[in-house]
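One letter stands for each residue in the lines below.
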Amino acid sequence: MFISIDHLTKDFRGRPAALNDLTVDLPQGMIGLIGPNGAGKTTLMRILTGIIKPTTGKVFIDGQDLSSPANRRNLKRHLGYLPQHITPYDNLSPLEFLDYIGILKMIDNKHMRQEQTHTLLEQVGLKDVMNLPIRGLSGGMRRRVGIAQALMGDPQLLVVDEPTAGLDPEERMRFRTLLAQLGQDRSVILSTHILDDVAQTCPWVCVLRFGRKQYDGPTEGLIHEAAGHTWITPPIAAPPENATIINAEPTPQGTRYRIVTDTPPAGSVETAPNLEDGYMALASER
Amino acid sequence: MAFVGIQLKRLYRLVLLPFILTAGILFVGFLLEGIWSPGRIRPLMMVLTQVPVIAAGLSTAFVLNGDPIIELAESTPTGWRKVQVTRMLIITGAFLTAVGLLFIGLHMMRLWPRDMGWVSIISPVGSIFIVNCLVFLIAVLTTSMPTSSLAPIAIWLFLCFVWDPYITDPVRQRLIPLFIAAAGAIFGWNMCGDAERNVVKVAAL
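No experiment lies behind these values; they were computed from the predicted model shown.

> Even after reading the chapter, I still don't get the interface of chain A and chain B, so can you show me in this structure?
Reports of interface size often rely on the accessible area that becomes lost once the parts have come together. The partner chain B presents 25 residues to the 29 residues of chain A that form the contact. Taken together, both faces of the contact between chain A and chain B bury some 2300 Å²; the carbon and sulfur share is 65%. Our count for the chain A to chain B interface comes out at two salt bridges. Two residues, A:Arg46 and B:Glu71, come together in a salt bridge whose shortest N-O distance is 2.8 Å. At the junction of chain A and chain B, the tally comes to nine residue pairs in polar contact (both at pLDDT 80 or more). Elements represented by at least two residues in the side of chain A that touches chain B include exactly helix 2 (69-77), strand 6 (79-82) and helix 3 (94-104) of chain A. The greatest single-element share of the side of chain A that touches chain B, amounting to seven residues, is contributed by helix 3 of chain A.

> Explanation requested: the pairing of strand 8 (residues 187-191) of chain A in the structure shown.
Look at any regular strand and the pattern is simple: side chains alternate between the two faces of the sheet. Residues and elements named next belong to chain A. Counting buried positions along strand 8 yields five of five residues, so the element is predominantly enclosed. The alternating pattern of strand 8 places Ser187, Ile189 and Ser191 and Val188 and Leu190 on opposite faces, both of which are buried. Two strands pair when backbone bridges link them, and strand 3 (residues 30-34) and strand 8 are joined in this way by four bridges, in the parallel orientation. Counterpart to Ile31 in the pairing with strand 8 is Ile189. Here five bridges tie strand 7 (residues 157-161) to strand 8, and the two strands are oriented parallel to one another. Counted as the bridge partner of Leu157 is Ser187 from strand 8. Viewed along the sheet, the connection from strand 7 through helix 6 (residues 169-182) into strand 8 turns out right-handed.

> Is there a simple way to think about the pattern of salt bridges in this case?
Note that side chains of opposite charge can pair when their charged atoms are close. All names here are of chain A. Under the definition given, this model contains 15 salt bridges over all chains. Among the ionic pairs, Asp197 bridges to Arg172, the shortest N-O distance being 3.2 Å. In this pair, Asp197 sits in helix 7 (residues 195-201) while Arg172 sits in helix 6, placing the two residues 25 residues apart along the sequence. A relative accessible area of 2% means that Asp197 is categorised as buried. Lys213 serves as the salt-bridge partner of Asp216, at 4.0 Å between the closest nitrogen and oxygen. Overall, the relative accessible area of 24% leaves Asp216 in the partly exposed class.

> Help me out: how do you make sense of the UniProt feature "transmembrane region" (unreviewed entry) in chain B in this one?
Residues and elements named next belong to chain B. Summarizing the sequence annotation, UniProt attributes the feature "transmembrane region" (unreviewed entry) to residues 12-32, 44-64, 84-106, 118-141, 147-163 and 175-191 in the numbering used throughout. Within the segment residues 118-141, helix and strand shares are 83% and 0% respectively, and the terminal C-alpha atoms sit 36 Å apart. Annotated as residues 147-163, this span is 100% helix and 0% strand, and its ends, taken at the C-alpha atoms, are 22 Å apart.

> Looking at this model, I keep getting lost on unusual backbone geometry. Mind explaining?
A negative phi angle is the norm for most residues apart from glycine, just as the trans form is the norm for most peptide bonds. Residues and elements named next belong to chain A. Not every positive phi belongs to a glycine, and Asp62 is a case in point at roughly 50 degrees. A positive phi is found at Glu162, a non-glycine position, where the angle reads about 45 degrees. Here Glu162 shows up in the loop between strand 7 and helix 6.

> Which parts of the structure should I look at to understand the UniProt feature "domain: ABC transporter" (unreviewed entry) in chain A?
Feature annotation in UniProt assigns "domain: ABC transporter" (unreviewed entry) to the following positions: residues 3-235 of chain A. With 35% helix and 25% strand, residues 3-235 of chain A has end C-alpha atoms that lie 47 Å from one another.

> When you look at the packing of aromatic side chains in this model, what are you seeing that I'm missing?
Geometrically, a pair of aromatic rings is defined through the distance of the ring centres and the angle of the planes. Following the criterion strictly, the structure yields six aromatic pairs over all chains and no others. Plain terms: the ring middles of A:Tyr89 and A:Tyr100 are 5.4 Å apart, the flat faces sit at 70 degrees to each other, and that makes the pair edge-to-face. Pair noted here: A:Tyr89 is in the loop between strand 6 and helix 3 and A:Tyr100 is in helix 3, with a separation of eleven residues, a long-range link. Using a relative accessible area of 4% as the deciding quantity, one classes A:Tyr89 as buried. Here the aromatic rings of B:Trp156 and B:Phe161 are separated by 6.2 Å at their centres, their planes lie at 85 degrees, and the arrangement is edge-to-face.

> Can you walk me through the pairing of strand 7 of chain A in this structure?
Residues and elements named next belong to chain A. In terms of residue burial, strand 7 counts as a mostly covered element, since five of its five residues are buried. On strand 7, burial covers both faces: Leu157, Val159 and Asp161 on one face and Leu158 and Val160 on the other are all buried. As paired elements, strand 6 and strand 7 share four bridges and run parallel to each other. Its bridge partner lying in strand 7, Gly80 is registered against Leu158.

> I'm lost on the nonpolar core in this one. Help?
Where a protein is soluble and globular, its nonpolar side chains tend to be buried together. In terms of nonpolar packing, the biggest core is built from 101 residues, with A:Phe97, A:Ile147 and A:Leu179 touching the most fellow members. With twelve residues, the single largest contributor to this core is helix 6 (residues 80-108) of chain B. Mapping this core onto the domain boundaries places at least three of its residues in each of domain 1 (3-223) and domain 2 (226-285) of chain A. Once you skip the residues sitting within four places of it in the chain, A:Phe97 turns out to touch A:Pro88, A:Tyr89, A:Leu92, A:Ile134, A:Val145, A:Gln149, B:Ile69 and B:Leu72. A:Ala18, A:Val24, A:Ile31 and A:Met45 belong to the second-largest nonpolar core, a separate cluster that totals 33 residues.

Thresholds, definitions, all that
- Residues numbered from 1 in each chain as written.
- Chains lettered and ligands numbered in written order.
- Predicted model: local features only at pLDDT ≥ 70, side-chain atom pairs only at ≥ 80, totals over all residues.
- Heavy atoms only, no water.
- Contact = heavy atoms within 4.5 Å.
- Buried area = accessible area lost by both parts, 1.4 Å probe.
- Salt bridge = Lys/Arg side-chain N within 4 Å of Asp/Glu carboxyl O.
- Polar contact = N/O pair within 3.5 Å; in protein donor to acceptor, adjacent residues only side chain to side chain.
- Helix = DSSP H or I, 4+ residues; strand = E, 2+ residues; numbered from the N terminus.
- Buried < 20%, exposed > 50% of the residue type's maximum accessible area, 1.4 Å probe, protein only.
- Pairing = 2+ DSSP bridges.
- Right-handed = clockwise from strand over helix to strand, strands pointing away.
- UniProt positions renumbered as here; feature names shortened; annotations may be inferred.
- Phe/Tyr/Trp six-rings, centres within 6.5 Å; stacked < 30°, edge-to-face > 60°.
- Core = buried A, V, L, I, M, F, W, Y, C linked by side-chain atoms within 4.5 Å.
- Domains from an automatic or database assignment.

Below you can see the structure in the form of structure tokens.
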């Protein structure tokens, strides 16, 4: 699915514009949506899922204008959405919950629903617990129930809002592998604060800040923003000035900093940037 | 049908509640019929027949609030309004049926208080319809369980102590508030169709 966003603005009463004249084209595949809190990521996702309408501007998905109610309704038939805060009904089992979502997605054929439910629960590794009440499942398992429900109906567009927040490292890796697999034959929009997840799974990234686009392009391009500006300092006593500190590693001689700057302290060694460096370099440019 | 079926399955305990209440009240009436005179039983029935009205409002408030997947429902072609309205209709339908049966039973036993014939059925049926329509409106407006739960009690108090004692004709007594409640429900129905409001209001809580 090709998504085209054209001069999108969203105002909420009494608050600064959540999205401010945003224009961006998103290709098919895995797309990382990153930015600080309040950047407008969740608002953009809600607009892309047809839940809320923009104040001005348009969104086209495969050429279909989402300002038309009929197009929004049609989109929802081919959409999988995992909101940031989803608490599946805890008295239901994963099997029952997915069946419920299947009905909401208007999969009227019971046999088809059951087949999909079983396949998806196997895919997300919940087959063994599919008949247990959700209240007894771990946070990671609940999150997997969340992704399984998003996949009901075999959606061509999958929108996931911070899916790995609060997951342990093992669950996170499992989850992003699953997302990467899903992104092979559909569009997946992944909003997250965990840049490593984007670096590992998304070939395309869009950075938002204060409701505006700060970067939109290949992930490699964002990493390249920090090329020639990423340094490892020698162990020093005080943090370097005029530099964005990416991380700090204490050593017996002092602290060794990974920084993004044009003016590194003496003795610093240039290093290959990663997505975090690129993102911070972009943030310090604003 | 699958959609109504799954909602029924989720709400089956609350759907059974009015029938249990009806059976209980009829059983009390049946037991007392052999001991007390109808004139003595009717005041008690006047109190007991109000229980389903309040229970209907509280049940409606309960099913219309606190759902954790509003945003998810809005992202589906079904939408949140259809979920809410279906739940309200299921609960209202169950209470209306049960209270209809209650009326028939007590009317046949000549125990229905202030019985003016079959037309008196409008009193309990109308009360439930009025209370549930207004609770629906309040639940949509406030998205708050405590407020929605207080609403049926307030509406019932108004009907019992302010409205009913002065408007004695059973048709006028129920039809006027019924029209107001129906208008309120239509307003609530319209408001419930605003996905942005549903999602943003709940997210802000």
